[in-house]
Amino acid sequence: MGVVNVTPDSFSDGGAWFDTAGAIEHGLRLADEGADIIDVGGESTRPGAQRVSREEELRRVAPVVRELARQGIAVSIDTMRAEVAAHAVESGARLVNDVSGGLADPAMAQLVAKAGVAYVLMHWRGHSHRMQERARYDDVVREVHDELRDRMSAMADEGVDPGRIVLDPGLGFSKLPDRAHNWALLAHLDRFNDLGRPLLIAGSRKRFLGRLLSDADGNPRDFTGCDDASVALTTLSAAQGAWCVRVHDVGPNADAVRVASAWRTGGALLDEGRGELIGRSGV
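Nothing here was measured: the structure is a model prediction, and the numbers come from that model.

A.B. asks: Sorry, what's going on with the sheet that holds strand β4 (residues 95-98) here?
C.D. replies: Remark on secondary structure: sheet strands pair via backbone hydrogen bonds, oriented parallel or antiparallel. Taking strand neighbours across the sheet as the criterion, the six strands line up as β1-β2-β3-β4-β5-β6 in an open arrangement whose pairing is parallel. Both outer strands of the open sheet, β1 (2-5) and β6 (165-168), are each paired with one neighbouring strand and no more. In this sheet, neighbouring strand axes are inclined to one another by 25° on average, regardless of whether the strands run parallel or antiparallel.

Right, here's the structure in full:
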């Protein structure tokens, strides 16, 4: 999954693809580099970010989603708003990536259920301006697991087909780098297998990587200086069976996924090529 942030303030590339033409071009380039899904978002969720209006979010993402879908790209809409998701689905988006797991907008479950699209349900404990203060855990793996299970059950109760849900442990969201919350989750991805759903791992360029790679004075590595570490994260996640990785720099990460797939299967799938990830029957 390649990231297209149509924002002026996203944590690693804010402003780089803020204009419509640039965002469309970037999305097409990421698809050419090997992304199976292009994730278009118009609202930054970096720690401390303030929300934008529904109208502004729609203005940013609507033409990008429409054009990428028109050109045959599998588009994901990265939004917490059901109205924005509905507009994107009508324009051809095939997946809703909701970092709030349906908590930010009570109408999201009904929209996803009615549209019948795939849905990424992420672990979430609050909006960006407050999420880090809620990063309190006795056992981060158990608590994230149980909260994802409960949210999936709640969405199913509102009509969402569980077979179309992808789970995301929410790396960086209410997870503190200095408490190793993210690393604990990554080390125990197998603990989520009993939930019976595919996993999306979204750790590309995030702060816990920069902290790991701090210099001798303790200064974290710059976001774009974490691309090699992101590739390592992709490789390990894919080798553990992650359904998808969400990344900024697609080319080397697509290579990493292929290596991990060949490793896991002993080369059994070498001749199958890239398949359809999101089909009519579900995820």
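Moving on from the model shown.
A.B. asks: Any chance you could explain empty space enclosed by the protein here in plain terms?
C.D. replies: The rolling of a water-molecule-sized probe over the atoms marks out the regions of remaining empty space. If you walk through the whole model with that rule in mind, you get two cavities of 30 Å³ or more. There is about 70 Å³ of room inside the largest cavity. In terms of lining residues, the largest cavity is bounded by 13 residues, among which Ser44, Thr45, Met80, His127 and Ser128 are the most central. Split into classes, the residues belonging to the lining of the largest cavity amount to five nonpolar, six polar and two charged. Size it by volume and the second largest cavity reaches roughly 40 Å³. For the second largest cavity, the full set of lining residues is Ile201, Gly203, Ser204, Ser230, Leu233, Thr234, Ser237, Val245, Arg246 and Val247. Counting residues per element, the lining of the second largest cavity draws most heavily on helix α8 (residues 227-239), at four residues. Its residues assigned to classes, the lining of the second largest cavity shows four nonpolar, five polar and one charged.

A.B. asks: Please clarify how the pattern of salt bridges should be interpreted in this entry.
C.D. replies: Opposite charge on two side chains makes pairing possible when the charged atoms of those side chains draw close. Tallied over the full model, the rule gives 16 salt bridges. Arginine 70 is paired through a salt bridge with glutamate 67; the nearest N and O atoms lie 2.7 Å apart. Of this pair, arginine 70 and glutamate 67 both sit in helix α2 (residues 54-70), three residues apart, roughly one helical turn. Across the pair aspartate 150 and arginine 149 runs a salt bridge whose closest N-O atoms are separated by 3.1 Å. The partly exposed category is assigned to arginine 149, whose relative accessible area is 37%.

A.B. asks: I'm lost on the side chain of arginine 81 in this one. Help?
C.D. replies: Tracing the sequence through the fold places arginine 81 in the loop between β3 (75-78) and α3 (82-90). Of note is the side chain of arginine 81, whose polar atom sits 2.7 Å from the side chain of glutamate 57. Setting aside chain neighbours within four positions, we find arginine 81 in contact with Glu43, Arg51, Val52, Ser53, Arg54, Glu57, Asp105 and Met108.

A.B. asks: Would you take a moment to explain the packing of aromatic side chains for this structure?
C.D. replies: The relation between two aromatic rings is expressed through the spacing of the ring centres and the mutual angle of the planes. Overall, the coordinates contain one aromatic pair when judged by the stated rule. Pairing tryptophan 183 with phenylalanine 208 gives two aromatic rings, centres 5.1 Å apart and planes at 80°, and the pair type is edge-to-face. Taken together, the residues tryptophan 183 in helix α6 (residues 181-187) and phenylalanine 208 in helix α7 (residues 207-212) connect sequence positions 25 residues apart.

A.B. asks: Explain the pairing of β6 here, please?
C.D. replies: Regular strands have side chains that alternate between both faces of the sheet. Where burial is concerned, the two faces of β6 agree: the one with Ile165 and Leu167 and the one with Val166 and Asp168 are both buried. Relative to β6, strand β5 (residues 118-122) runs parallel, the two being bridged by four bridges. Residue leucine 121 lies in a different strand from β6, and its bridge partner there is leucine 167. Crossover handedness for the path β5 to helix α5 (residues 140-157) to β6: right-handed.

A.B. asks: Would you take a moment to explain the environment of lysine 175 for this structure?
C.D. replies: Turning to its location among the elements, lysine 175 is positioned in the loop between β6 and α6. Along the backbone, lysine 175 and leucine 185 are 10 residues apart, and their C-alpha atoms lie at a distance of 9.7 Å. With near-sequence residues (within four places) excluded, lysine 175 lies in contact with His123, Gln132, Ala135, Tyr137, Val144, Pro169, Gly170, His181, Asn182 and Leu185. Reaching out from lysine 175, the side chain makes a polar contact with the backbone oxygen of proline 169 at a distance of 3.2 Å. At 3.0 Å, the side chain of lysine 175 forms a polar contact with the backbone oxygen of glycine 170.

A.B. asks: Would you mind going over the environment of threonine 45 with me for this structure?
C.D. replies: Its location among the elements puts threonine 45 in the loop between β2 (38-41) and α2. The exposure class of threonine 45 is partly exposed, given its relative accessible area of 22%. Along the chain, threonine 45 and alanine 107 lie 62 residues apart, while their C-alpha atoms are 20 Å from each other. In contact with threonine 45, not counting residues within four places along its chain, are Met80, Val99, Ser128, Met131 and Phe173.

A.B. asks: Any chance you could explain the nonpolar core here in plain terms?
C.D. replies: A general tendency of soluble globular proteins is for nonpolar side chains to be buried together. Residues Ile38 and Val40 are the most contacted members of the largest nonpolar core, which totals 62 residues. Dropping the residues within four chain positions of it, valine 40 is found in contact with Val4, Val6, Val61, Val64, Val65, Leu68, Val75, Ser76, Ile77 and Asp78. By size, the runner-up hydrophobic cluster in this structure holds nine residues, among which are Val166, Leu200, Trp243 and Cys244.

Cut-off values and rules
Residues numbered from 1 in each chain as written. Predicted model: local features only at pLDDT ≥ 70, side-chain atom pairs only at ≥ 80, totals over all residues. Heavy atoms only, no water. Pairing = 2+ DSSP bridges. Helix = DSSP H or I, 4+ residues; strand = E, 2+ residues; numbered from the N terminus. Axes fitted to C-alpha atoms, helices over the stretch in contact; angles between N-to-C directions. 1 Å grid on protein atoms, 1.4 Å probe; cavity = no way out; pocket = protein on both sides within 12 Å on 5 of 7 lines; lining within 4 Å. Points joined across faces, edges and corners; volume = space filled by probe spheres on them. Nonpolar A, V, L, I, M, F, W, Y, C, P; charged D, E, K, R; others polar. Salt bridge = Lys/Arg side-chain N within 4 Å of Asp/Glu carboxyl O. Buried < 20%, exposed > 50% of the residue type's maximum accessible area, 1.4 Å probe, protein only. Polar contact = N/O pair within 3.5 Å; in protein donor to acceptor, adjacent residues only side chain to side chain. Contact = heavy atoms within 4.5 Å. Phe/Tyr/Trp six-rings, centres within 6.5 Å; stacked < 30°, edge-to-face > 60°. Right-handed = clockwise from strand over helix to strand, strands pointing away. Core = buried A, V, L, I, M, F, W, Y, C linked by side-chain atoms within 4.5 Å.

Remember, this is a structural readout, not a statement about activity or role.
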